[in-house]
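The residues making up each chain are set out below.
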There are 2 protein chains.
Amino acid sequence: MNNFEFKNPTKIIFGKDSIEKLANEIPENAKILLLYGGGSIMENGIYDQVKTALADATVIEFGGIPANPEYSVLMEALEVIKTESITFLLAVGGGSVIDGTKFLSAAAMYGGASPWNILTDNIKIEEGLPFGTVLTLPATASEMNSGAVITRAETKEKLAMGGPGLFPQFSILDPQVITSIPERQLANGITDAFTHVLEQYMTYPVGGLLQDRFAESILQTLIEVAPKVIKDPTDYEAASNFMWSCTMALNGLIQQGVPGDWAIHMMGHELTALFGIDHARTLAIMTPSHYKYNFEAKKEKLAQYAERVWKITEGSKDDKAYAAIEKTEAFFHELGIETKLSNYTDDYEGTAETIKQRFTDRGWLGIGEHKSLSPDKVEKIVKMAY
Amino acid sequence: MNNFEFKNPTKIIFGKDSIEKLANEIPENAKILLLYGGGSIMENGIYDQVKTALADATVIEFGGIPANPEYSVLMEALEVIKTESITFLLAVGGGSVIDGTKFLSAAAMYGGASPWNILTDNIKIEEGLPFGTVLTLPATASEMNSGAVITRAETKEKLAMGGPGLFPQFSILDPQVITSIPERQLANGITDAFTHVLEQYMTYPVGGLLQDRFAESILQTLIEVAPKVIKDPTDYEAASNFMWSCTMALNGLIQQGVPGDWAIHMMGHELTALFGIDHARTLAIMTPSHYKYNFEAKKEKLAQYAERVWKITEGSKDDKAYAAIEKTEAFFHELGIETKLSNYTDDYEGTAETIKQRFTDRGWLGIGEHKSLSPDKVEKIVKMAY
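Worth saying up front: this structure is predicted, and the values here are computed from it rather than measured.

The next subject is the environment of A:Ala67. Tracing the chain through its elements places A:Ala67 in the loop between strand E3 (58–62) and helix H4 (71–83). Relative accessible area serves as the criterion here: at 61%, A:Ala67 is assigned to the exposed category.

The next subject is unusual backbone geometry. Positive phi, normally seen in glycine, also occurs at A:Ala141, with a value near 70 degrees. Position of A:Ala141 relative to the elements: it lies in the loop between strand E5 (131–135) and strand E6 (147–152). With a relative accessible area of 0%, A:Ala141 lands in the buried category. Even without being glycine, B:Lys311 reaches a positive phi, approximately 55 degrees.

The next thing to look at is the UniProt feature "domain: Alcohol dehydrogenase iron-type/glycerol dehydrogenase GldA" (unreviewed entry) in chain A. The feature "domain: Alcohol dehydrogenase iron-type/glycerol dehydrogenase GldA" (unreviewed entry), as given by UniProt, occupies residues 9–175 of chain A in the numbering adopted here. Note that residues 9–175 of chain A is 29% helix and 26% strand, and that its end C-alpha atoms are spaced 21 Å apart.

What follows concerns the packing of aromatic side chains. Counted under the stated rule, the structure contains 33 aromatic pairs over all chains. Each ring, one from A:Phe14 and one from B:Phe4, has its centre 4.7 Å from the other, and the planes form 5 degrees; the classification is stacked. With A:Phe14 in strand E1 (residues 4–14) and B:Phe4 in strand E1 (residues 4–14), the pair connects residues from two separate chains. Neither residue differs from the other here; A:Phe14 and B:Phe4 are each classed as buried. Judged by centre distance (5.0 Å) and plane angle (75 degrees), the rings of B:Phe359 and B:Trp364 are edge-to-face. One aromatic cluster is present, formed by A:Phe194, A:Tyr201, A:Tyr305, A:Trp310, A:Phe331 and A:Phe332 through successive ring pairs. Here the basic side chain of A:Lys16 rests over the ring of A:Tyr236, its NZ or CZ set 4.4 Å away from the ring centre. Here the guanidinium or amino end of A:Arg362 rests over the ring plane of A:Trp364, the centre of that ring lying 4.5 Å away.

Let us look at the environment of B:Leu335. Residues and elements named next belong to chain B. The residue Leu-335 is located in the loop between helix H13 (317–334) and helix H14 (351–362) in this model. For Leu-335, a relative accessible area of 9% corresponds to the buried category. Apart from the residues within four sequence positions on either side, Leu-335 is in contact with Ala-187, Ile-190, Thr-191, Ala-226 and Ile-230.

This next bit is on the pattern of salt bridges. Counting across every chain of the model gives 48 salt bridges over all chains. As a salt-bridge pair, B:Glu224 and A:Arg213 come within 3.4 Å of each other at their nearest N and O atoms. You can see B:Glu224 sitting in helix H8 (residues 209–231) and its partner A:Arg213 sitting in helix H8 (residues 209–231), one on each of two chains. The exposure class assigned to A:Arg213 is buried, which follows from its relative accessible area of 13%. The structure contains a network of salt bridges with shared partners spanning A:Glu353, A:Lys356, A:Asp376, A:Glu379 and A:Lys383.

With an axial shift of 0.0 Å and an RMSD of 0.0 Å, the rotation relating chain B to chain A amounts to 180 degrees. The transformation just described matches what one would write down for a two-fold rotation axis. Scanning chain B for the C-alpha nearest the rotation axis identifies B:Pro9, at a separation of 2.1 Å. Taken together, the interface assignments show that 100% of the residues at the interface of chain B recur at the interface of chain A, consistent with an identical surface on both copies.

This paragraph deals with the packing of helix H11 (residues 279–293) of chain B against H13(B). All names here are of chain B. Where H11 meets H13, the axes come as close as 10 Å, and the angle between the chain directions of the two elements is 175 degrees. As summarised for this structure, H11 and H13 are arranged roughly antiparallel, according to the angle between their axes. Counted together, Ala-284, Thr-287, Pro-288, Tyr-291 and Lys-292 of H11 and Tyr-322, Ile-325, Thr-328, Glu-329 and Phe-332 of H13 form the full contact between these two elements. Counted by class, the contact of H11 with H13 contains 6 nonpolar, 2 polar and 2 charged residues.

As a further point, take the interface of chain B and chain A. The interface is formed by 38 residues belonging to chain B together with 38 residues belonging to chain A. The interface formed by chain B and chain A contains 6 salt bridges. The tally of links from chain B across to chain A stands at 17 residue pairs in polar contact (both at pLDDT 80 or more). Elements with a minimum of two residues in the side of chain B that touches chain A: E1, H8 and helix H9 (236–249) of chain B. Taken together, the 7 bridges between E1(A) and E1(B) define a ladder with antiparallel strand orientation. Bridging from a neighbouring strand, A:Phe14 pairs with B:Phe4 of E1(B).

Here is what the cut-offs are and how they apply
- Residues numbered from 1 in each chain as written.
- Chains lettered and ligands numbered in written order.
- Predicted model: local features only at pLDDT ≥ 70, side-chain atom pairs only at ≥ 80, totals over all residues.
- Heavy atoms only, no water.
- Helix = DSSP H or I, 4+ residues; strand = E, 2+ residues; numbered from the N terminus.
- Buried < 20%, exposed > 50% of the residue type's maximum accessible area, 1.4 Å probe, protein only.
- UniProt positions renumbered as here; feature names shortened; annotations may be inferred.
- Phe/Tyr/Trp six-rings, centres within 6.5 Å; stacked < 30°, edge-to-face > 60°.
- Lys NZ or Arg CZ within 6 Å of the ring centre and 35° of its normal.
- Contact = heavy atoms within 4.5 Å.
- Salt bridge = Lys/Arg side-chain N within 4 Å of Asp/Glu carboxyl O.
- Least-squares fit on C-alpha atoms with pLDDT ≥ 70 in both.
- Axes fitted to C-alpha atoms, helices over the stretch in contact; angles between N-to-C directions.
- Parallel < 35°, antiparallel > 145°, perpendicular 65-115°, else oblique.
- Nonpolar A, V, L, I, M, F, W, Y, C, P; charged D, E, K, R; others polar.
- Polar contact = N/O pair within 3.5 Å; in protein donor to acceptor, adjacent residues only side chain to side chain.
- Pairing = 2+ DSSP bridges.

Spelled out as structure tokens, the structure:
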């Protein structure tokens, strides 16, 4: 097991009707900016629940944060924060709204020339404007971690940021929100969380026995509840386990003491930036070809995953490892998620070369858990995913 | 899954040679009281490591905190805290030293007549004197939770306390400390952590699918590493997984959203108070008879535990459930831990009646996950454990 440091101070308020508890968590006399996305919270009743809980508070609103939170939109919100002297941010939404709020938390306190530099210069955020979240879409675990990914349409870039100052002070998770989420978004959420676990687990053994078992626990739970959540989002047992699994998949716990891969995300982000493909679907596109290309390096863990998660007992280690990749791809298919780039765009030719060039330009000369995947190798993996 | 609220702000610094990082975690200009136990840290080099790391700090020492931290000794430490105007407590030890330090953290800020009232009046501690820990004995998870158990010899009492103000600010976990722990203490630590998980898992199903799998992960890991830790404490892979499993067993995570039992602990504490039997060994004494007596209420989870943890696939649900109890008892025996009260004392007659009376006197009229175990039933369970 590798050395690690772990601290996660976010308070989780989980369960039925937990949005009612919102006002207890925000400082009295706060001037709140309520941030949300495309307006689905108006239709599903969550907006009303939040407004009722905050009836006695000073609340200004900023809606319209898009999926893959867009820098230019966030800059408008930053203007509101400054002109209105906002003291607390409240994200009501999924990973995009929460990630956008984290950017705003950091940007509001940032003294540099342009807030975009927070992303390009990898500035570690030690302190941000305080914020909390009401989660409406389980998927990213942004509600209990300190990272964010921001997109800039102008330059077709999608970059990560974070730091210990960007943990939400609290996050409210009411699994009942799942009842109003479209099936497409549910499938995306399951796929996103599943891949988050894989990125932290499907590397090489370092003796993180407990971490491996925790990762396998989340994968098994997602496999168990996925069909139930899709079939009947009012199934509270399935919904609550789905929601908690998504949070645990990327709140920092399972990554402690073990290597992380994250190559799937780095390649997937490019597909979103280039084609606007849903984040989760880009991960499903990249996962099988990444594991096939890096089969030798990953086969120990692939075989363990095959045995423990998919209960594959027959065949050699190689057979099991390969079968696990096929099981994973089949799992995505059962969720209605296609796993080839050509399922999403006819304009895929040249994508691998473009991504290779972008990685080279950014100096990303080796990605993955061994930092050994050069832009040339990335090109080959992306091409395998056509 | 039940509703829950979860927040655990303790910073964990885990790994080889992590004691070196101690000074970074304590506020500059702090006046530190270094608390420890019977002096084993002098022999195993941990004291020297701590003193070296704190070479530039103001440190006063208080040693001699016994196993089952004793109120009268802690009151002497409290006097030192007050007369020396201590601003930071540093526990260097196992669960007893850390629990004692939590009591001192609370007592230093307590305005009531007698600090013992913190325990008898169940006062929830919202703020304590800041403290950190260097863990020398994995077992209790006190290093990452906000609870403590304090013993008072004068009255033969052992009572619990806690509150959100009693999380350590940081805990340093270097698995290398295990190399100097006597086998008896290692066996106790494994048994303690194992039983902590059982208390939060072996109840009745409430659809906490992920919590169940996490609990099973810790149990499986402990079963896997226990013989290795006992055989060779220098086996770092085994030691690090043992240490992290103990912390995860009772840092609050696996208890969220599910019922807790804790009857084993409540009965076990009496055996320590009456006979001075090691805490972990009292748990091993009470576990089999508790599960046998409450077999019908617990058999769903016992059978799941049999299948998933002990890989018992043959027989009816009842067969599996019963076999799991036998496997658990055999696991304790393999660690050299006896599971009958009469293995520890010849003076056991009347114990069940005494404990029944104590529970009645304290108004503990129903314990366990259903609060259905009356003092009469407790008497029967304890008698089964003779």
